[in-house]
Amino acid sequence: MAIDLSKSVFFRSEIKPELLPQCISEVAFVGRSNVGKSSVINSICKTKNLARTSKTPGRTRAINVFTASKGRWIVDLPGYGFARVSDKEKEVWKEMIEKYITSRKTLKMLYILIDSFVGPTELDFMMMDWVRKLNIPFKIISNKTDKVSNLNLDLLKCKMSEVCNISKDDIYCVSAKKQMGFGNLINDIGNLLLK
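All figures in this text were calculated on a predicted structure; none of them were measured in a lab.

Draft legend 1. Structural view of the overall build of the chain. Counting its regular elements, the chain contains five helices and seven strands. Tracing the chain from N to C terminus, the helices and strands come up as β-β-α-β-β-α-β-α-β-α-β-α. Here the C-alpha radius of gyration of the chain, 15 Å, is about what a compact globule of 195 residues would show, namely 16 Å. With respect to the three principal axes, the spread of C-alpha positions in the chain is 45 × 45 × 35 Å. Residues counted as buried form 51% of the 195 residues belonging to the chain. Residue pairs in contact within the chain that sit at least 24 positions apart in sequence constitute 73% of those at least 6 positions apart. Carbon and sulfur atoms form 52% of the exposed surface of the chain, whose accessible area is close to 10000 Å².

Encoded structure:
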């Protein structure tokens, strides 16, 4: 039986990945600033204010860890790309994200969030290429489907699959704003955290 993500609680924030303790299993969320990572995490955990959300890009400035069950984590990483912070701070975030992704032996899946309306950006492609080279398993969450007019989910998945060179089965189309499309994603995360 999958882990009940609605029981998730905030565990800690950390800017130095090496200071994070070991855990049994974890999944992490990464994506462009303002793509809706925190909103997606709140939707997955069925809790309105578990992860802090903001209209200001770059609000998540540390690695935020939530415990879904003892020793099983959901991790919110800072956004990459556009954010109203200095270049120096962006570089610190980049280092933090890279160090976290490459050092966590218990990382079961990296979920890369993409804006359904905007589509994958150059930074998203760079992230996908980088994790592929490192053999880090990843899936795509296409958020903000509510912004896509005449939405055809199957067509959206086909296009995303083609441009991102990833199986349709590894793409989840959701809308955190409308609370749509989370069933299969919640099951996927709950099952991965059991491993």
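More follows now that the structure is in view.
Draft legend 2. Structural view of unusual backbone geometry. Positive phi is not limited to glycine here, since Asn165 has a value of about 55 degrees. You can see Asn165 is positioned in the loop between helix 4 (153-164) and strand 7 (171-173). Even without glycine at this site, Gln179 takes up a positive phi of about 55 degrees. Within the secondary structure, Gln179 sits in the loop between strand 7 and helix 5 (183-192). Overall, the relative accessible area of 51% leaves Gln179 in the exposed class.

Draft legend 3. Examining the sheet that holds strand 7 more closely. The sheet built from seven strands is open, its strands ordered 1-3-4-2-5-6-7 with mixed pairing. A strand with exactly one partner marks an edge of an open sheet, and here the two such strands are strand 1 (9-14) and strand 7. When strand polarity is set aside, the average angle formed by the axes of neighbouring strands in this sheet is 25 degrees. Relative to strand 6 (residues 138-143), strand 5 (residues 107-115) runs parallel, the two sharing six bridges. Within the sheet, the bridge partner assigned to Asp115 lies in strand 6 and is Asn143. Packed on one face of the sheet, helix 4 meets strand 5, strand 6 and strand 7 and runs near 140 degrees to strand 7. Along the sheet, helix 5 makes contact with strand 2 (25-31), strand 5, strand 6 and strand 7, crossing strand 5 at roughly 155 degrees.

Draft legend 4. Main features of helix 5. Along helix 5, the residues classified as buried are Leu185, Ile186, Asp188, Ile189, Gly190 and Leu192. Buried residues along helix 5 sit in contact with strand 2, helix 1 (37-44), strand 5, strand 6 and strand 7.

Draft legend 5. Examining the side chain of Lys139 more closely. Residue placement: Lys139 occurs in strand 6. For Lys139, a relative accessible area of 11% corresponds to the buried category. Not counting the four nearest positions on each side in its chain, Lys139 is found in contact with Met109, Leu110, Tyr111, Ile112, Ile166, Asp170, Tyr172 and Asp188.

Draft legend 6. Quick look at the pattern of salt bridges. Applying the stated criterion across every chain, the model contains eight salt bridges. Residue Glu14 pairs with Arg12 through a salt bridge whose shortest N-O separation is 3.0 Å. Look at Arg12 and you get partly exposed, because its relative accessible area is 24%. Taking the shortest distance from any N to any O, the salt bridge between Lys144 and Asp115 comes out at 3.8 Å. Taken together, the residues Lys144 in the loop between strand 6 and helix 4 and Asp115 in strand 5 connect sequence positions 29 residues apart. Judged by relative accessible area, Asp115 falls into the buried class, the value being 6%.

Definitions and cut-offs
- Residue numbers run consecutively from 1 along every chain, following the written order of its sequence.
- For this predicted model, a pLDDT threshold of at least 70 governs which residues receive local features, and a threshold of 80 or more governs which side-chain atom pairs are given and counted, while totals over whole chains, interfaces and linings are taken from all residues.
- Neither water nor hydrogens contribute to the side-chain values; these are computed over all heavy atoms in the structure.
- Numbered from the N terminus, helices here are DSSP runs of H or I no shorter than four residues, and strands are runs of E no shorter than two.
- Here the globule rule is a power law, 2.2 Å times the number of residues to the power 0.38, and the radius of gyration is based on C-alpha atoms.
- Residue exposure (1.4 Å probe, protein chains only): buried if accessible area is under 20% of the type maximum, exposed if over 50%, otherwise partly exposed.
- In this analysis, two residues are considered to be in contact whenever any of their non-hydrogen atoms come within 4.5 Å of each other.
- All accessibility values rest on the Shrake-Rupley procedure with a 1.4 Å probe; residue burial counts only the protein chains present in the view.
- Two strands qualify as a pair provided that DSSP identifies no fewer than 2 bridges between them.
- Whenever a helix is involved, its axis is fitted only over the stretch in contact; in every case the axis is a line through C-alpha atoms, and angles between N-to-C directions fall within 0 to 180 degrees.
- The salt bridge criterion pairs a side-chain nitrogen of Lys or Arg with a carboxyl oxygen of Asp or Glu, the two atoms within 4 Å.

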